[in-house]
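A structural walkthrough
If you want the building blocks of each chain, they are given just below.
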Amino acid sequence: MDLIWEGLRKALALLLTLDPEVLRITGLSLLISGAATLISLAIGLSAAVAVALNEFPGKRLAIALLNTGMGLPPVVVGLFVTILLWRSGPLGSLGILYTPSAMVLAQAVIASPIIAGISLSALQHLPPGLRLQILALGASRPQMVWLLLKEARLPLLAAVMAGFGGVISEVGASIMVGGNIKGQTRVLTTATVMETGRGNFDVAIALSLILLVLAFSVNAVLTHLQQRGQRR
Amino acid sequence: MNRPACLRLGLAFGVALASAHLSAAPPAPKAIILATTTSTQDSGLLDEIIPLFERQTGYLVKTIAVGSGQALAMGRRGEADVLLVHSPEAEKALVADGAGIHRRIVMHNDFVLAGPPADPAGVAKHTAVEAFQRIAASRSLFLSRGDHSGTHAQELRLWKAAGISPDGQTWYQQTGQGMGQTLAIAAEKRAYTLSDRGTYLALRKQLDLPVLHEGDPSLRNTYHIIEVNPARFPQVNGAGARAFADFLVSKAVQARIKEFGIATFGSPLFFPDADAPGADAGRR
């Protein structure tokens, strides 16, 4: 218990003194996972719309694959992205291994299926007649898609939260493709692992608490958006 | 419609952010990938030395702290530029193979055998090999890193010298984790484990795990710097690797290594070796 209090005190101290290293780590976590979530939103939503609104052979298989992808283990993603980005790998010429770009890439691979899977079930859950009704009213196809997304905005925001929550909290891929390099690719989760390894449990607890506060703040903002839409 | 514009803006922002990162990535020739062991990072030594090097030379060092086994594997594939490792036999193999060049001694410390305060196997007053034999004979729990790190390699050498193959024994368990984690687990499970002194000293205050055996000459732990051969791997930053290796063995940095840890831990964590390789083999 002492250790947890010590961690709380340390967390407060690090936050109140605006420790530059902690601020940088926190900012980088937010930036990388935010960018990855936005990219995943574009990819995941497109995939969900494409699968939900089209009939094609193998649709069930596609849905099963998307749903499996929601549980993609981050270490597996990390391993494959690392191998792809190695100097000797197929994408080695990009030279982005051990940079924030590589972390955005890996996290986008993790979050895209999460957002796609939840968005897909949200779209499929809409009343079946809605689509025909919208089209019958003379809407173009993009307008129809937009209205459907708007109708499903509640679960869609939940999808964004799940995607963001998945990547801001993941450590396996980030440490493999980012390398936990001080001042460059060190984020809250990888720093927590390292400080634990160093035996600096108070700092590790402090970083964990900051991570929790950060995740809560982002979700509070998204929830606010979601529920505002709900009341209207 | 306001909302689609908003969404598009958001997406554009995301892409811009990502590409800003891409362009912010340092140009390749000025970056060096240093593959090293967890002990050099976890002790805090690299945090002290690398910023100096970056200021002096303008190179950007990407430190990847993994076990020596993985660091050497990265070197063998040309995925790192320079290696700071402590697994002498595997290092020699890498150099013999031609993937590594210019292997130079940097520093040493030593391994210690830590274990439960009661010392059930009675390892204290024996040689390192006898200590390992006594652990096996008393079937006392021993935690191995099991991760092909330099420490793991040293441990396997000692088992071999003791004539024991511990694999599969119930008293022999592998954590597969770094030294810090393994020490913490050993303290919880009241097990013996082999650790480098640097990590042990850095963690000592949290552990109820005294050093029970130390000082045996076979427990010496030597760190070498190896440059990855740019003639074999054209992508390797040979000039940067040479600059970093030269920096590590320079008089100024060797002096820093000698001082490092005294203020925090009461004793130095590493002993510089570049000036007189092997000269102080008997000392700890």
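Being a predicted model, the structure only gives us computed values, none of them experimental.

Reading the values: rules and limits
- Residues numbered from 1 in each chain as written.
- Chains lettered and ligands numbered in written order.
- Predicted model: local features only at pLDDT ≥ 70, side-chain atom pairs only at ≥ 80, totals over all residues.
- Helix = DSSP H or I, 4+ residues; strand = E, 2+ residues; numbered from the N terminus.
- Buried ≥ 20, exposed ≤ 12 C-beta atoms within 10 Å, placed from the backbone.
- Contact = placed C-beta atoms within 7 Å.
- pLDDT = per-residue confidence, 0-100.
- Core = buried A, V, L, I, M, F, W, Y, C linked by C-beta atoms within 7 Å.
- Domains from an automatic or database assignment.
- Axes fitted to C-alpha atoms, helices over the stretch in contact; angles between N-to-C directions.
- Parallel < 35°, antiparallel > 145°, perpendicular 65-115°, else oblique.
- Left-handed = near helix turned anticlockwise from the far one by under 90°.
- Nonpolar A, V, L, I, M, F, W, Y, C, P; charged D, E, K, R; others polar.
- Pairing = 2+ DSSP bridges.

This part covers the overall build of chain B. Of regular secondary structure, chain B possesses twelve helices and ten strands. Taking all 284 residues of chain B together, 45% fall into the buried category. Summarising the internal contacts of chain B: among those between residues at least 6 apart in sequence, 74% fall at separations of at least 24.

This part covers the overall build of chain A. Across its full length, chain A carries eleven helices and zero strands. Ordered by position in the sequence, the α and β elements of chain A form the string α-α-α-α-α-α-α-α-α-α-α. Structurally, chain A occupies a C-alpha span of about 65 × 50 × 25 Å along its principal axes. Looking at chain A as a whole, 44% of its 232 residues are labelled buried. A separation threshold of at least 6 residues defines the contact pool for chain A, and within that pool the share at least 24 residues apart is 76%.

The next subject is the confidence of the model for chain A. Note: predicted coordinates in regions of low pLDDT should not be interpreted at a detailed level. Overall, the predicted model of chain A reaches an average pLDDT of 90, with 98% of residues at or above 70. Within chain A, no element has a lower average pLDDT than helix α1 (residues 2–16) of chain A, which sits at 80, and none a higher one than helix α5 (residues 100–124) of chain A, at 95.

To continue, consider the nonpolar core. If you look at the biggest cluster of nonpolar residues, it comprises 134 residues, and the most contacted ones within it are A102(A), A106(A), L34(B), A80(B), V82(B) and L83(B). The dominant element in this core, judged by the number of residues it contributes, is α5(A), at 16 residues. Looking at which domains feed residues into this core, each of domain 1 (30–109 + 221–282) and domain 2 (110–219) of chain B gives three or more. For A102(A), the residues in contact, after removing those within four places along its chain, are V81(A), L85(A), I96(A), L97(A), V177(A) and G178(A).

Turning next to the packing of helix α2 (residues 20–53) of chain A against α5(A). All names here are of chain A. Two elements in contact, α2 and α5, have axes whose closest approach is 6 Å; the angle formed by their N-to-C orientations is 40°. With respect to α5, the element α2 is oriented oblique. As for how α2 packs across α5, the hand of that crossing is right-handed. For the contact of α2 with α5, a count of residues per class yields 22 nonpolar, eight polar and no charged.

All names here are of chain B. Burial of helix α6 (residues 128–137) is extensive: seven of the ten residues sit out of reach of the surface. Along α6, the residues classified as buried are A128, A131, F132, Q133, R134, I135 and A136. Turning to α6, the residues buried within the fold contact β4 (100–114), β5 (142–144), α7 (150–162), β7 (192–196) and β8 (211–213). Backbone geometry just after α6 places R139 at a positive phi near 50°.

What follows concerns the environment of M107(B). All names here are of chain B. Examined against the element boundaries, M107 turns out to sit in strand β4. Spatially, the C-alpha atoms of M107 and D273 are 4.5 Å apart, while their sequence positions differ by 166 residues. For M107, the contacting residues outside a window of four places in its chain are Y223, I257, F270, F271, P272 and D273.

Time to look at the domain arrangement of chain B. Residue and element names in this part refer to chain B. Looking at the assigned domains, one finds that chain B contains domain 1 (30–109 + 221–282) and domain 2 (110–219). Relative placement of domain 1 and domain 2: their C-alpha centres are 25 Å apart. Each partner contributes residues to the interface: domain 1 has 22 residues there, and domain 2 has 18 residues. Looking at the side of domain 1 that touches domain 2, the elements with two or more residues in it are α2 (38–42), α4 (68–76) and α5 (88–97).

Residues and elements named next belong to chain B. Inspection of the secondary structure puts L84 in strand β3 (residues 82–85). L84 sits 143 residues away from E227 along the chain, and the two C-alpha atoms are 9.0 Å apart. Sequence-distant contacts of L84, defined by excluding residues within four places in its chain, comprise L34, T36, T40, V106, Y223 and I225.

This part takes up helix α8 (residues 179–189) of chain B. Turn by turn, an α-helix covers 3.6 residues, leaving residues three or four places apart pointing in a common direction. Taken together, the buried positions of α8(B) are occupied by M179(B), G180(B), T182(B), L183(B), A184(B) and A186(B). Just past α8(B), the residue R190(B) takes up positive phi, approximately 55°.

Next up on the list: the pairing of β7(B). Residues and elements named next belong to chain B. Of all five residues in β7, five are buried, a share of seventy percent or more. Here β7 shows no split at all, with Y192, L194 and D196 on one side and T193 and S195 on the other all buried. Here four bridges tie β4 to β7, and the two strands are oriented antiparallel to one another. Its bridge partner lying in β7, L113 is registered against L194. Relative to β7, β5 is paired through two bridges, and the arrangement is parallel. The residue bridging F142 from the neighbouring strand is Y192, located in β7.

Residue and element names in this part refer to chain B. Here chain B averages 84 in pLDDT, while 87% of its residues score no lower than 70. Taken together, the stretch residues 1–11 has pLDDT below 50 and engages in four contacts with residues farther than four places along the chain or on a different chain. Note that pLDDT drops below 50 for residues 13–29; the model gives that stretch 22 contacts with residues more than four away or on any other chain. Across the assembled chains, the prediction reports ipTM 0.75 with pTM 0.80.

Time to look at unusual backbone geometry. Residues and elements named next belong to chain B. The backbone phi angle of D119 is positive, close to 50°, even though this residue is not glycine. Within the element layout of this structure, D119 appears in the loop between β4 and α6. For R190, which is not glycine, the phi torsion reads 55° and is therefore positive. Residue position: R190 is located in the loop between α8 and β7.

Residues and elements named next belong to chain A. Direction vectors running N to C along α5 and helix α8 (residues 153–168) enclose 160°, while the axes themselves pass 8 Å from each other. Taken together, α5 and α8 sit at an angle that is classed as roughly antiparallel. In this structure, α5 crosses over α8, and the sense of that crossing is right-handed. Together, Q107, I110, A111, I114, I115, I118, S119 and A122 of α5 and P155, L156, A158, A159, V160, A162, G163, G166 and V167 of α8 make up the contact between the two elements. In the contact of α5 with α8, the residues fall into 13 nonpolar, four polar and no charged.

What follows concerns the pairing of strand β9 (residues 220–228) of chain B. All names here are of chain B. Most of β9 sits inside the fold, with eight of its nine residues counted as buried. As paired strands, β3 and β9 are joined by four bridges and run antiparallel to one another. Of the residues in β9, the one forming a bridge with V82 is E227. Where β4 meets β9, eight bridges bridge the pair, whose relative direction is antiparallel. By the bridge assignment, R104 is partnered in β9 with I225.

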